[in-house]
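Remarks on the overall topology
Spelled out from the first residue to the last, the chains are:
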Protein chains: 8
Amino acid sequence: MTVSQPRRITDLGFARLDVDRAERTGDPEVVFGEGKTPAQIVATLRALHEAHPGRAILATRLSEAAITECAEALPEATLDPVGRTAVLGRGETRGRVAVVAAGTSDLPVVRECATTIGVFGAEPDEIIDVGVAGLHRLLAQLERINEADVVVAVAGMEAALPSVLGGLVGAPLIAVPTSVGYGWNLDGVTAWLATLNSCAPGIVSVNVDNGFGAGVAAARIARRSVR
Amino acid sequence: MTVSQPRRITDLGFARLDVDRAERTGDPEVVFGEGKTPAQIVATLRALHEAHPGRAILATRLSEAAITECAEALPEATLDPVGRTAVLGRGETRGRVAVVAAGTSDLPVVRECATTIGVFGAEPDEIIDVGVAGLHRLLAQLERINEADVVVAVAGMEAALPSVLGGLVGAPLIAVPTSVGYGWNLDGVTAWLATLNSCAPGIVSVNVDNGFGAGVAAARIARRSVR
Amino acid sequence: MTVSQPRRITDLGFARLDVDRAERTGDPEVVFGEGKTPAQIVATLRALHEAHPGRAILATRLSEAAITECAEALPEATLDPVGRTAVLGRGETRGRVAVVAAGTSDLPVVRECATTIGVFGAEPDEIIDVGVAGLHRLLAQLERINEADVVVAVAGMEAALPSVLGGLVGAPLIAVPTSVGYGWNLDGVTAWLATLNSCAPGIVSVNVDNGFGAGVAAARIARRSVR
Amino acid sequence: MTVSQPRRITDLGFARLDVDRAERTGDPEVVFGEGKTPAQIVATLRALHEAHPGRAILATRLSEAAITECAEALPEATLDPVGRTAVLGRGETRGRVAVVAAGTSDLPVVRECATTIGVFGAEPDEIIDVGVAGLHRLLAQLERINEADVVVAVAGMEAALPSVLGGLVGAPLIAVPTSVGYGWNLDGVTAWLATLNSCAPGIVSVNVDNGFGAGVAAARIARRSVR
Amino acid sequence: MTVSQPRRITDLGFARLDVDRAERTGDPEVVFGEGKTPAQIVATLRALHEAHPGRAILATRLSEAAITECAEALPEATLDPVGRTAVLGRGETRGRVAVVAAGTSDLPVVRECATTIGVFGAEPDEIIDVGVAGLHRLLAQLERINEADVVVAVAGMEAALPSVLGGLVGAPLIAVPTSVGYGWNLDGVTAWLATLNSCAPGIVSVNVDNGFGAGVAAARIARRSVR
Amino acid sequence: MTVSQPRRITDLGFARLDVDRAERTGDPEVVFGEGKTPAQIVATLRALHEAHPGRAILATRLSEAAITECAEALPEATLDPVGRTAVLGRGETRGRVAVVAAGTSDLPVVRECATTIGVFGAEPDEIIDVGVAGLHRLLAQLERINEADVVVAVAGMEAALPSVLGGLVGAPLIAVPTSVGYGWNLDGVTAWLATLNSCAPGIVSVNVDNGFGAGVAAARIARRSVR
Amino acid sequence: MTVSQPRRITDLGFARLDVDRAERTGDPEVVFGEGKTPAQIVATLRALHEAHPGRAILATRLSEAAITECAEALPEATLDPVGRTAVLGRGETRGRVAVVAAGTSDLPVVRECATTIGVFGAEPDEIIDVGVAGLHRLLAQLERINEADVVVAVAGMEAALPSVLGGLVGAPLIAVPTSVGYGWNLDGVTAWLATLNSCAPGIVSVNVDNGFGAGVAAARIARRSVR
Amino acid sequence: MTVSQPRRITDLGFARLDVDRAERTGDPEVVFGEGKTPAQIVATLRALHEAHPGRAILATRLSEAAITECAEALPEATLDPVGRTAVLGRGETRGRVAVVAAGTSDLPVVRECATTIGVFGAEPDEIIDVGVAGLHRLLAQLERINEADVVVAVAGMEAALPSVLGGLVGAPLIAVPTSVGYGWNLDGVTAWLATLNSCAPGIVSVNVDNGFGAGVAAARIARRSVR
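Residues numbered from 1 in each chain as written. Chains lettered and ligands numbered in written order. Predicted model: local features only at pLDDT ≥ 70, side-chain atom pairs only at ≥ 80, totals over all residues. Heavy atoms only, no water.

Before going further, it helps to spend a moment on empty space enclosed by the protein. Applying the stated criterion to the full structure yields 9 cavities of 30 Å³ or more. The space that makes up the largest cavity amounts to roughly 80 Å³. Taken together, 14 residues form the lining of the largest cavity, with A:Ile174, A:Val204, A:Ile221, F:Val204 and F:Ile221 sitting closest to its centre. For the lining of the largest cavity, the secondary structure elements donating two or more residues are β9 (173-177) and α9 (211-222) of chain A together with β9 (173-177) and α9 (211-222) of chain F. For the lining of the largest cavity, the per-class residue count stands at 12 nonpolar, 2 polar and no charged. (1 Å grid on protein atoms, 1.4 Å probe; cavity = no way out; pocket = protein on both sides within 12 Å on 5 of 7 lines; lining within 4 Å. Points joined across faces, edges and corners; volume = space filled by probe spheres on them. Helix = DSSP H or I, 4+ residues; strand = E, 2+ residues; numbered from the N terminus. Nonpolar A, V, L, I, M, F, W, Y, C, P; charged D, E, K, R; others polar.)

This is how it looks when you write it as structure tokens:
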């Protein structure tokens, strides 16, 4: 019997690291955890950390097993089981991003986004439990929200929050629709369609539950902002 | 050559009138104008008016030509070219319905709904231009909205208005998604999905642009309400 | 290793209770059980019960484990494993809601709806096994249905029941499409589309399987009704 | 300049007639009118009539212009401007098909179906205006419906009619969903999904508005039926 | 603690049997197994068998556990683990139905259909492995297929089989699209759309994988057929 | 005969102007031209221009008739028949936005976006005809693109351009999917899905053909940017 | 008034010609006619013909007006009003492509495909009216089809033709789904899904009605083929 | 108790082998592993190998258990656990196919495709990790890609790779969309739509993740190619 092998050997046996990317775009390195074994994640984080000792390295979408493995193998890592992230190293930050969420159910997306913002060079400010069905709580946080350079609005269900915020703030506003819902919400497509059809102009959005993508975009904007 | 004929002759040649319906459900008679000629609409309105002289008769979805024909042939009718309705006769009203709308583009649906409410026995109160992107205008009308027995929220695009209202009022709340939008909104399905996935509990909804259906439901509730 | 923590501490560590909501909308407090641990559900129910001792508190979408935990920890609670609800305390009721269902498969939605109606202040009357394919059974219950202030029609598959009822009753009629089906029914969207396109005017609807939402709306209408 | 020509010359220049088909399947010849000029339709009907003088020939989906052209050029044809059909010649019929419809808006589909049934060898019986929202009218026709060998239920909107009939009759039952609707009904897909998810077993269906297809199937069944 | 109970007691505690249905439509009784426990299925089968000793009783969509339970508790039952059916009793049959399938993957649907045909009073003839990609095998069975009173074509993937058969046979033809596929086939909707858009006129269809529904329809037609 | 009137009189009879909005969000006033008559557009532009003489006013989605009417009535306006916009007045600009497009078919969206950017306070730089199928042309413009503070990538069909740009530039990147296509592209949803699923992280997007929305967002970011 | 102008001047004022493309891919130049004026099409064809005198130039999707304009202005062009194409010049051909179609309704797609094949360097052989519902006509052409180097199967409705051909021929097989249909066929998506889910392995497909794309692919394969 | 049996006995009890297929189309035999037991797969491979000793036999979509069983029972087989294939025997190859992939996540599809190419008679060349977000890596492999007779582009997410390749190579190009994605990508339909709407002409595609289908098509083209 012959079990055939992949023909192209790469640095780590399962992935070819593109160590030049950071130089080209100014962004840190990221390991997407889904579909990788805990051992692969630890090895990749280590290799990237050694290649870029002066910068932060981020891993996202980690399973519980991967979080546990990282906790043991990488004691210097900062881990977040809710947002399912691991961070190695630390970079400088500049500018501030308010990450506003309609409910506690959206917390995993909020945390993935906030951690990403930190790694990509800006300061996140999480403001949760300020959904539109309890408008007074949202209005109570308005001053704090308006101090940010960029606002990320994380919202599931009918995703009315970005529209309400759009009429209240002048900063760049990124909407993250989430798959959170109590019934037939098409796994977040309702929220997604809502963010793209907002009556408040200038709202941009990312894919459903994509806290990482929104964090990258928000940090890129915030770290170049001047107040 | 032989042109075959429909086999079943009815009262008016093109429709069999069900004059007992009002007795069975307590509702007035309605003529759905789409697909009918102006002459057919006038004839049907007249026949129903004669059968029910003491009650209001409503025609909806009238074309411009039908409005003009009604204006000439039925001088006693009340016509609304925006809501595309005609009303013959008048009934008593009981209870009040606030019809709240996010924008002037939703006016045709608002007017169809308000006229229906009047014909089905309650008093409509139209409150337009109070979308969520200008929250202060909505809050300025809150007291007036809270005086109604039923609230109908008409909203297109991402339809955030019903959710915001749902956190502010305690009366029964009916959402009417509309097909109003500036881009790819799937002809109102975005608004529709939004109303069905609202974070505010107890919101019920009707089909896209169905001001008539919401009006029927709202009037049924309002005319039985006690404050 | 550092495991980061959520920054905003709330009353119970995992949810910020909005104890003013009842005053604002007149509605009781509700705990949505999906995604919460049994211990969290018990703790939240207790906290809300202490904050509102004179009112009923409802928990919905409870897992089997949560039902068991509630049975042990909250002996005064009324539990329904079919409708997956728990109720603490009791309020007054006013008006009556008929909850009509096409089949026994819809029972979980019927029960969630009926329990919600009771907690939100009206009297539910469950009438099951009266689908349109056995019309005589439905007609046999018509007098009883017509005694209600509001009718809720729960129906899966092609959801013909609301339309048939719409021609027979004059009370406000709320349709709840369910995901019950024997084949490819798009997880209830067939039933949902059917309720929104009913040939009987004035039917309003809620999301698929949303017995809770229909119950809230029905109770709000029924408790203000005068016969 | 050279305008290129189709390479394959056929009998009529624009269509190759398959005059053997009738022998193979026992079915008459049919001309589908959509996309053909009035002159092409007349020529094709004539050619088929000459090839099969002892059998009926059917043309469907005729435009107004084609109906007019047929009236002038083929005086012996039976034309139906509502169902948009033309028939030349006449065959024997055997068995009876009840074509039941929920509303007058469905009449074009009913007529296309009934004419097809006649051409394909059975006797059609049109029974219209018997929708489920007025149940007493449907029940009043039940005996007549039960005398048919096959029942075709034509229904738009939520298409509840086939399900109600399915519980009342024992004959083979074919549902024809139509695109008739007052709002967002996805051009008949709501009715279509409803017929396929009927709670009454044994209902088969055809494409939206396909009165022709249902007619072919119904006639094939009826003309082989024994009571 | 109080666990609330369903209010309506029925014959078996979990289902109200409609023993009059057979008289009304001439069809046998059927137990849909999905969502029922093995014990409930056995009890329902027994009760129906006692109520209708001279007729066949069918149970469909049985789990492996239900099949095992039936094998032990109902030794006189005929069980089919592939088609997931159980049959108690036996009725007369009249007429023949060819059940033609494109591949062995469609066998569960074929078997459910064939068993249903037998219970509903006609003789099934299973002809499998005759897909269009191996046309010679299909043509080799053509004479046998043409001897049937009704043809059921079971086909997944692109479901070309019904169209090919439609050009070859003159008997009533029912298509059953299946969810069988090797890639992204939308769980059978590709096959479903194909059957509804067939270029061969007169094909009717049922829901995806609905061998039972096709069997009911086919048997109703076949047992009334005269050759 | 009585033709009913809208009850709420506003400044211009057909729209209530919200002249405070600019103060609240820092954005200029915009008139959405779709559904408005040329006369209404001219009147609204004039009223807003008088209310904000020191700022630019933008009108979008103008019909040919509206462009002609503006050309006559508002000689000081800057009109763009391709992008369908009119601009009155002029504000200061700060920062630069590259608007990159895959093809000339996308030009209307590019122009609407560029004009919006100018009105909202940044400098647009249009770079067209640089699609991915001719990679060398895109690479030839890379230096110029990298000088911008924000990049807007306008792309129809399969919308590969944003992904390719995402790997080449480090500035914030906004994708505008367009409905441009040669076949079945679902009116732009293919491009839309592509932008949301880009393999290049940090891309945000707006609705199909929404050059205006992308322009608002891009200008907000650019005018706060520091290089 | 100032009407702004596009900033980038190209060769023809409305399009930048990429005269190097042919060298890079070996393909001829093509003008996509949709959205271009007749004058623009004539001018572009002329410019490309002058740049590549020794090669064929193709224009597709021409309106009637454009065909007329080409007939007058470019007398040496070969025009096809059915396939909506114009060809200038002539190249060598190598290899043969059978373009097989199910019906005459598919002729425009067949012709666009055949003309494209000729321009891209292979010999087309059109074989129409050989749908699966008349299997004997298809089998009669089998020998001729099997002589081709590549087979293109053009089919609308349920698109069974590619699957049937897939079991009969061994040459590369390209399916072109068309939007031809008699009812609700989702504008060709039914045919499209069918071609992608074919039970015959190795079938590749292009977008709906994309005869051009299939022609390009087929010619590329055929002109490199050795028998 | 009687457990009914399938009526048609075939060679192996569960499948009728079509040993003539290879003669008819020139293709080798293939066993589709999904839904078959490891024992059935081994038995079928053996039977086919004995029937065609001089040709390669392929099994695809093998489970881990099936791979293990094949390793033990068929020591002469070549197994690939990544691509989930088994191969018995060996045929000659002619022509070369480049299989190009955007990322390592697409490896299973790449391997299934490459193995299929080998079995169907051409030489595969796998070139992975050359996605469009890192354009320099793709350009570095361009010479090698251009040496192939056919190019297969395997790509998930937004599938921009085929379009970029389409502008760079002149060989026949087959796109394989994959279901690889980081968020809401509709299980590959985004990639699928992208390949069908590519701006680069002449790209053909197969179903999502269908490496096998692309391999069959590519090998058929390559083995007839002349350079």
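Time to look at the relation of the copies chain E and chain G. Superposition record for chain E on chain G: RMSD 0.0 Å, screw rotation 180°, translation along axis 0.0 Å. Such values leave the two copies arranged in the relation of a two-fold axis. If distances are taken from each C-alpha of chain E to the rotation axis, the shortest is found for E:Ala160, at 2.4 Å. When the interface residues of chain E are mapped onto chain G, 100% of them are again interface residues, pointing to one common binding face. (Least-squares fit on C-alpha atoms with pLDDT ≥ 70 in both. Contact = heavy atoms within 4.5 Å.)

The two copies are related by a screw operation: chain B maps onto chain C through 180° of rotation and 0.0 Å of translation along the axis, at an RMSD of 0.0 Å. Most of the interface of chain B is mirrored in chain C: 100% of its interface residues are interface residues there too.

Often, the extent of an interface is quoted as the loss of accessible area upon association of its parts. At the junction of the two partners, chain E supplies 21 residues and chain G supplies 21 residues. Overall, the association of chain E and chain G removes approximately 1900 Å² of surface from exposure, summing both partners, and the carbon and sulfur fraction of that is 70%. When the area that chain E buries against chain G is broken down by residue, the three leading residues are E:Glu158, E:Leu193 and E:Asn197, summing to 30%. Here chain E and chain G share 8 residue pairs in polar contact (both at pLDDT 80 or more) between them. Elements that contribute at least two residues to the side of chain E that touches chain G include exactly α5 (135-140), α7 (161-166) and α8 (189-196) of chain E. Element by element, the count of residues in the side of chain E that touches chain G is highest for α8(E), at 3 residues. (Buried area = accessible area lost by both parts, 1.4 Å probe. Polar contact = N/O pair within 3.5 Å; in protein donor to acceptor, adjacent residues only side chain to side chain.)

We now examine helix α3 (residues 64-73) of chain B. Residue and element names in this part refer to chain B. Restricting attention to buried positions, one finds in α3 the residues Ala-66, Ile-67 and Cys-70. Angularly, the buried residues of α3 cover 105° about the axis, an arc narrow enough to put them on a single face. In this structure, α3 carries Glu-64 and Glu-72 as exposed residues pointing more than 90 degrees from its buried face. Summarising the contacts, the buried residues of α3 are in contact with α2 (38-51), β4 (78-80) and β5 (85-88). (Buried < 20%, exposed > 50% of the residue type's maximum accessible area, 1.4 Å probe, protein only. Arc of directions from axis to C-beta.)

Any two side chains of opposite charge can pair, given that their charged atoms come close. Considering all chains together, one arrives at 48 salt bridges over all chains under this definition. Of the charged contacts in the structure, one is a salt bridge between D:Asp125 and D:Arg144, with a shortest N-O distance of 2.7 Å. Highlighted residues: D:Asp125 in strand β7 (residues 123-127) and D:Arg144 in helix α6 (residues 142-146), separated in sequence by 19 residues. Note that H:Glu126 is salt-bridged to H:Arg111, the shortest N-O span being 3.2 Å. Here H:Arg111 lies in helix α4 (residues 107-119) and H:Glu126 lies in strand β7 (residues 123-127), a separation of 15 residues in the sequence. (Salt bridge = Lys/Arg side-chain N within 4 Å of Asp/Glu carboxyl O.)

Residues and elements named next belong to chain H. Note on placement: Asp-80 falls in strand β4 (residues 78-80). Accessibility expressed as a relative area gives 2% for Asp-80, which makes it buried. In this structure the side chain of Asp-80 is engaged in a polar contact, spanning 3.0 Å, whose partner is the backbone nitrogen of Gly-83.

Moving on to the pairing of strand β8 (residues 150-155) of chain F. Side-chain positions along a regular strand alternate between the two faces of the sheet. All names here are of chain F. The element β8 is largely enclosed, with a buried count of 6 among its 6 residues. Residues of β8 alternate between two faces, with Val-150, Val-152 and Val-154 on one and Val-151, Ala-153 and Ala-155 on the opposite face, all of them buried. Pairing between strand β6 (residues 96-101) and β8: 5 bridges, direction parallel. Residue pairing in the sheet places Val-99 in a bridge with Val-152 of β8. (Pairing = 2+ DSSP bridges.)

Turning our eyes to something else, we now look at the packing of aromatic side chains. Two measures describe an aromatic ring pair: the distance that separates the ring centres and the angle between the ring planes. Residue and element names in this part refer to chain A. Enumeration according to the criterion identifies 12 aromatic pairs over all chains in this entry. An angle of 70° between the planes, with centres 6.1 Å apart, marks the rings of Phe-120 and Phe-212 as edge-to-face. Placement of Phe-120 in the loop between α4 (107-119) and β7 (123-127) and of Phe-212 in helix α9 is noted, with a sequence separation of 92 residues between them. No difference in accessibility class separates Phe-120 from Phe-212, as the two residues are buried. (Phe/Tyr/Trp six-rings, centres within 6.5 Å; stacked < 30°, edge-to-face > 60°.)

Residues and elements named next belong to chain G. Covered by surrounding structure in strand β5 (residues 85-88) are Thr-85 and Val-87 together with Ala-86 and Leu-88, the residues of both alternating faces. Pairing between strand β3 (residues 57-60) and β5: 3 bridges, direction antiparallel. Among the inter-strand pairings, Ile-57 is bridged to a residue of β5, identified as Leu-88. Bridging between strand β4 (residues 78-80) and β5 involves 3 bridges; their strand directions are antiparallel.

All names here are of chain A. Tracing the backbone through its elements, the reader meets Thr-195 in helix α8 (residues 189-196). Since its relative accessible area comes to 4%, Thr-195 is described here as buried. In this structure the C-alpha to C-alpha distance between Thr-195 and Val-150, which are 45 residues apart in sequence, comes to 17 Å. Excluding its chain neighbours within four sequence positions, the residues that come into contact with Thr-195 are Ala-159, Pro-162, Ala-175, Pro-177, Ile-203 and Ser-205. Here the side chain of Thr-195 touches Trp-192 through a polar contact of 2.8 Å, landing on its backbone oxygen. Reaching out from Thr-195, the side chain makes a polar contact with the side chain of Ser-205 at a distance of 3.5 Å.

Between chain B and chain C, the contact holds 32 residues from the first and 32 residues from the second. The largest per-residue losses of area from chain B upon contact with chain C belong to B:Leu196, B:Arg220 and B:Arg224, which jointly make up 22% of the total buried on that side. On inspection of chain B and its partner chain C, the count reaches 0 salt bridges. Where chain B touches chain C, the interface holds 9 residue pairs in polar contact (both at pLDDT 80 or more). Secondary-structure elements contributing two or more residues to the side of chain B that touches chain C are α1 (21-25), α8 (189-196), β10 (203-205) and α9 (211-222) of chain B. Considering each element in turn, the side of chain B that touches chain C owes the most residues, 6 residues, to α9(B).

Residue and element names in this part refer to chain D. In the contact formed by helix α2 (residues 38-51) and helix α3 (residues 64-73), the axes pass within 9 Å of each other and the chain directions differ by 45°. Taken together, the axes of α2 and α3 lie oblique to each other. The chirality of how α2 crosses α3 is right-handed. In this structure, α2 contributes Pro-38, Ala-39, Ile-41, Val-42, Leu-45 and Arg-46 to the contact, and α3 contributes Ala-65, Ala-66, Glu-69, Cys-70 and Ala-73. In terms of residue class, the contact of α2 with α3 is made up of 9 nonpolar, no polar and 2 charged. (Axes fitted to C-alpha atoms, helices over the stretch in contact; angles between N-to-C directions. Parallel < 35°, antiparallel > 145°, perpendicular 65-115°, else oblique. Left-handed = near helix turned anticlockwise from the far one by under 90°.)

Let us now look at the packing of helix α4 (residues 107-119) of chain C against helix α9 (residues 211-222) of chain C. Residues and elements named next belong to chain C. For the pair α4 and α9, interaxial distance at closest approach is 7 Å and the crossing angle is 35°. The element α4 and its partner α9 pack so that their crossing is right-handed. Seen from α4, the contacting residues are Val-109, Glu-112, Cys-113, Thr-116 and Ile-117; seen from α9, they are Gly-211, Phe-212, Ala-214, Gly-215, Val-216, Ala-218 and Ala-219. Partitioned by chemical class, the residues of the contact of α4 with α9 number 8 nonpolar, 3 polar and 1 charged.

This next bit is on helix α4 (residues 107-119) of chain E. All names here are of chain E. Compared with the 18 Å implied by 1.5 Å per residue over 13 residues, the 18 Å span of α4 between its first and last C-alpha is a close match. The buried fraction of α4 is high, at 11 of 13 residues. Every buried residue of α4 is listed here: Leu-107, Val-109, Val-110, Arg-111, Glu-112, Cys-113, Ala-114, Thr-115, Thr-116, Ile-117 and Val-119. Downstream of α4 by one or two residues, Gly-121 has phi in the positive range, about 105°. (Expected span 1.5 Å × (residues − 1).)

Scope: geometric values only; no functional claims are made or implied.
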